[in-house]
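A structural walkthrough
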Amino acid sequence: MSLKKDEKVDILLLGSGGREHALLVKLAESPHAGKLWVAPGNGGMYQLAQKVDLDPCSGEQVAEFAKSHGIGLVVVGPEAPLVAGVADYVRAAGIPVFGPSGAAAQMEGSKEFAKKVMTRAAVPTAAYKSFTDEAACADYVRELGGPCVVKADGLAGGKGVVVAQSTEEALAGVHDCFNGAFGEAGNTVVIEEMLEGPECSLLALSDGKTLVPLATAQDHKRALDGDRGPNTGGMGVYSPVPILLDGELDQMIQIEQKVIDQLREDGTPYSGCLYGGFMLTKDGPKVLEFNARFGDPETQVVLPRMKADLIECFLACDDGTLDPAMVSWDDDWAVSVVLTAGGYPVKYEKGDVITGIEDADAMDGVFVYHAGTKLGDDGSVLTNGGRVLDVTAVATTFEDARNKAYEACDKIFYKGKTYRHDIGIKAIKGRERL
């Protein structure tokens, strides 16, 4: 869809996390941004957009609101609405939407589905077997007799993965999956070989045929410093990734293009953001997993560095006119530190008053993206989730971006504030010392 110079597009954005706040900020920067709506949004997003009371996983409700309010673009942020097929309902109503179909979103909705696509596409990934029976799965783990990765097949909010160093740890993960720790997501369990090397994320836009890679990023999943503690939805991230060896980025791009081509050949063309999680092994990049949307917190460091009109890009993804020339990059670095509620990712409190956001936001090159927040009756910002804020800093050097992000973190206060103090240390150490 080609927009006229002064044409405005009203937008409905689904989601409420730091990723969605970053998307909203970037969408609002477009000269084509009309009225912005969010469902459900968070305490920071309401400064830019109006809240809509609807179920973001209900395709009927989303499509009906979009039709009745003249929405020109629906942007689906989280994975749950995508897997529920919300994008299908919106497209059926004749409204442009950014996000893959329910069938294509199974790249994230089912790890077994994604593995089968990768096998057909002949892309490098960890060897695996899937199980629907706990006893058979446990027998296979004992047969392996060493480190492996246990994954709940379905959506588990980034927490359905156990990187098991021992058979006992793997068996405990299998038991948890099959006994409700991750709900229905654990009805099928995938056991993978353990790959070794640093991780790297690559987000890419696609219109079903063309792939436009975005910047690389490296997430920090573990809750505690030194990559200790349980897996979380992400405790911090930086972009770009300086430890990539020659040729590795090209290999990752080629892998994602093969997957896009395979999905189109399978009759499930993929339109939206394809997020590849890679392990940089001694034999080259191998796929850990694919996600069917922008990463969180990767989006919070990729979008601030991206030079593009996001509305034009998203409309082009929907109508098959995506062009690599739509996206360019500056040479800046971005580092984001996630501020969490005490006890995350297990048990944590909500409703605590947050102060200092304005002071941090006022720093040059700093963006405070709200994740788990809400507004109190008096207009104060309150904690409302495990991951509360994403404090992102952009600077001309990695060290300056990192230092600025932590300086901004120190300006924000709320009861139980926790965060990792070593985000980005891997980039400073370099590849040979990881």
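Each remark here, short or long, concerns the structure printed above.
Quick look at the structure, then. (Residues numbered from 1 in each chain as written. Predicted model: local features only at pLDDT ≥ 70, side-chain atom pairs only at ≥ 80, totals over all residues. Heavy atoms only, no water.)

1. Some details on the packing of helix 1 (residues 18-29) against helix 11 (residues 310-319)
Between helix 1 and helix 11, the least distance of the axes is 7 Å, while the angle of their chain directions is 105 degrees. Taken together, helix 1 and helix 11 sit at an angle that is classed as roughly perpendicular. Of helix 11, the residues touching helix 1 (which contributes Leu-23, Lys-26 and Leu-27) are Leu-310, Ile-311 and Phe-314. A class-by-class count of the residues in the contact of helix 1 with helix 11 yields 5 nonpolar, no polar and 1 charged. (Axes fitted to C-alpha atoms, helices over the stretch in contact; angles between N-to-C directions. Helix = DSSP H or I, 4+ residues; strand = E, 2+ residues; numbered from the N terminus. Parallel < 35°, antiparallel > 145°, perpendicular 65-115°, else oblique. Contact = heavy atoms within 4.5 Å. Nonpolar A, V, L, I, M, F, W, Y, C, P; charged D, E, K, R; others polar.)

2. Examining the pattern of salt bridges
Evaluated as defined, the whole model comprises 18 salt bridges. For the salt bridge of Arg-420 with Asp-227, the shortest nitrogen-to-oxygen distance reads 3.1 Å. With Arg-420 in the loop between helix 13 (398-409) and helix 14 (425-429) and Asp-227 in the loop between strand 12 (222-224) and strand 13 (228-231), this pair connects stretches of sequence that are 193 residues apart. For Arg-420, a relative accessible area of 1% corresponds to the buried category. With relative accessibility at 32%, the residue Asp-227 sits in the partly exposed group. One continuous salt-bridge network, built from bridges that share partners, spans Arg-19, Glu-20, Glu-79, Glu-108 and Arg-293. (Salt bridge = Lys/Arg side-chain N within 4 Å of Asp/Glu carboxyl O. Buried < 20%, exposed > 50% of the residue type's maximum accessible area, 1.4 Å probe, protein only.)

3. Regarding the sheet that holds strand 20 (residues 353-354)
Spatial ordering of the open sheet is given by 20-23-22, a layout of 3 strands whose pairing is antiparallel. In the strand order of this sheet, the two ends are held by strand 20 and strand 22 (373-375), each with one partner. In the sheet, strand 22 pairs with strand 23 (residues 381-383) via 3 bridges, with the strands oriented antiparallel. Its bridge partner lying in strand 23, Lys-374 is registered against Leu-382. (Pairing = 2+ DSSP bridges.)

4. Some details on the pairing of strand 10 (residues 199-207)
Of all 9 residues in strand 10, 8 are buried, a share of seventy percent or more. Bridge count for strand 10 against strand 15 (residues 271-281) is 9 bridges, and the pairing is antiparallel. When the bridges of strand 15 are listed, Leu-203 appears paired with Tyr-275. The antiparallel pairing of strand 10 with strand 11 (residues 211-219) creates a hairpin that spans 3 residues between the two strands, and Gly-208 there sits at a positive phi of about 105 degrees.

5. Re the environment of His-32
Looking at the element boundaries, His-32 is found in the loop between helix 1 and strand 2 (33-40). With 22 residues separating them along the chain, His-32 and Asp-10 place their C-alpha atoms 8.7 Å apart. Among residues more than four places away in sequence, those in contact with His-32 are Leu-3, Lys-4, Lys-5, Glu-7, Lys-8, Val-9, Asp-309, Ile-311 and Glu-312. Side-chain polar atoms of His-32 contact the side chain of Glu-312, separated by 3.1 Å. (Polar contact = N/O pair within 3.5 Å; in protein donor to acceptor, adjacent residues only side chain to side chain.)

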